[in-house]
Amino acid sequence: QVHLVESGGGLVQAGGSLRLTCAASGSGFRVNYMGWYRQAPGKQRELVAAITSAGSTNYADSVKGRFTISRDDAKNTVYLQMNSLRPEDAALYYCSADATVVSGIRYVYWGQGTQVTVSS
């Protein structure tokens, strides 16, 4: 079992920055890729950014050039640096981890979400 804990959300003015952190804990697992998703009221959950174990990254077009995803494998932690925030970035941000557990089975785990609010 892998447990994800997000932190770093909050209220920020448009143009400001926030850094989200997601730490994976548990035993007997290997994280394959980690990602950040977001869901605004009335909208579907969407991928914001993802990073593989090799360090390859993928971003939603709407955040390219403003957001940066990174990971610390030693800490099983992924970060999302969000700059130049816009009101449309406001959402509940979820961390996701694709992990292989000791049995060799891969699972996708989700955090509880952290709220990002951007005031105009």
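Use the structure listed above.
Residues numbered from 1 in each chain as written. Predicted model: local features only at pLDDT ≥ 70, side-chain atom pairs only at ≥ 80, totals over all residues. Heavy atoms only, no water.

Side note on the sheet that holds strand β8 (residues 77-82)
Formally: Only strands joined by at least two bridges in the DSSP assignment are considered to pair. Here a helix means four or more residues in a row that DSSP labels H or I, a strand means two or more in a row labelled E, and each is numbered from the N terminus. Interaxial angles span 0 to 180 degrees and are taken between N-to-C directions of axes, which are lines fitted to C-alpha atoms, for helices over the stretch in contact.
Read across the open sheet, the 4 strands follow the order β1-β3-β8-β7; overall the sheet is antiparallel. Edge strands, defined here as strands with exactly one partner in the open sheet, are β1 (2-7) and β7 (67-72). Neighbour to neighbour, the strand axes of the sheet diverge by 15° on average, direction disregarded. By the bridge criterion, 6 bridges tie β1 to strand β3 (residues 18-26) in an arrangement that is antiparallel. Bridge assignment links L4 to a residue of β3, and that residue is A24.

Observations regarding the pattern of salt bridges
In plain terms, the rule: For salt bridges, the criterion is a side-chain nitrogen of Lys or Arg within 4 Å of an Asp or Glu carboxyl oxygen. Only protein chains enter the accessibility calculation, which uses a 1.4 Å probe; a residue is then buried when its area is under 20% of its type maximum, exposed when over 50%, and partly exposed in between.
Inspection of every chain in the model, using the stated rule, returns 6 salt bridges. We note a salt bridge from D89 to R66, for which the minimum N-O separation is 2.7 Å. Note that D89 is positioned in the loop between β8 and β9 (91-101) and R66 in the loop between β6 (57-59) and β7, a separation of 23 residues in sequence. Between R71 and D73 there is a salt bridge; the shortest N-O distance is 2.6 Å. Judged by its relative accessible area of 18%, R71 falls in the buried class. Overall, the relative accessible area of 44% leaves D73 in the partly exposed class.

Considering unusual backbone geometry
Positive phi values are uncommon outside glycine, yet N76 reaches one of about 50°. With a phi close to 50°, S84 is a non-glycine residue in the positive phi region. Locating S84 in the fold gives a position in the loop between β8 and β9.

Here we look at the nonpolar core
Stated formally: Here, nonpolar core refers to any group of buried Ala, Val, Leu, Ile, Met, Phe, Trp, Tyr and Cys residues whose side-chain atoms link them within 4.5 Å. Two residues form a contact once any of their heavy atoms are found within 4.5 Å.
Counting 32 residues, the largest nonpolar core has L4, M34, W36, L80, M82 and Y93 as the members making the most contacts within it. At 6 residues, the largest contribution of residues to this core is made by β9. The contacts of L4, once residues within four sequence positions are left out, are C22, A23, A24, M34, C95, S96, A97, Y109, W110, G111 and Q112.

Brief notes about the state of the cysteines
To be explicit about the condition: Any pair of cysteine sulfurs within 2.5 Å is marked as a disulfide.
Enumeration over the complete set of coordinates arrives at 1 disulfide. Between the sulfur atoms of C22 and its disulfide partner C95 the distance amounts to 2.1 Å. The S-S bond linking C22 to C95 shows a torsion near -80°; that makes this disulfide left-handed. Highlighted residues: C22 in strand β3 and C95 in strand β9, separated in sequence by 73 residues. Judged on exposure class, the residue C22 and its partner C95 are both buried.

Points about the environment of V12
Within the element layout of this structure, V12 appears in strand β2 (residues 10-13). For V12, a relative accessible area of 12% translates into the label buried. Counting along the chain gives 47 residues from V12 to Y59, while the straight-line C-alpha distance between them is 22 Å. The residues contacting V12, other than those within four sequence positions of it, are S17, L18, L85, T117, V118 and S119.

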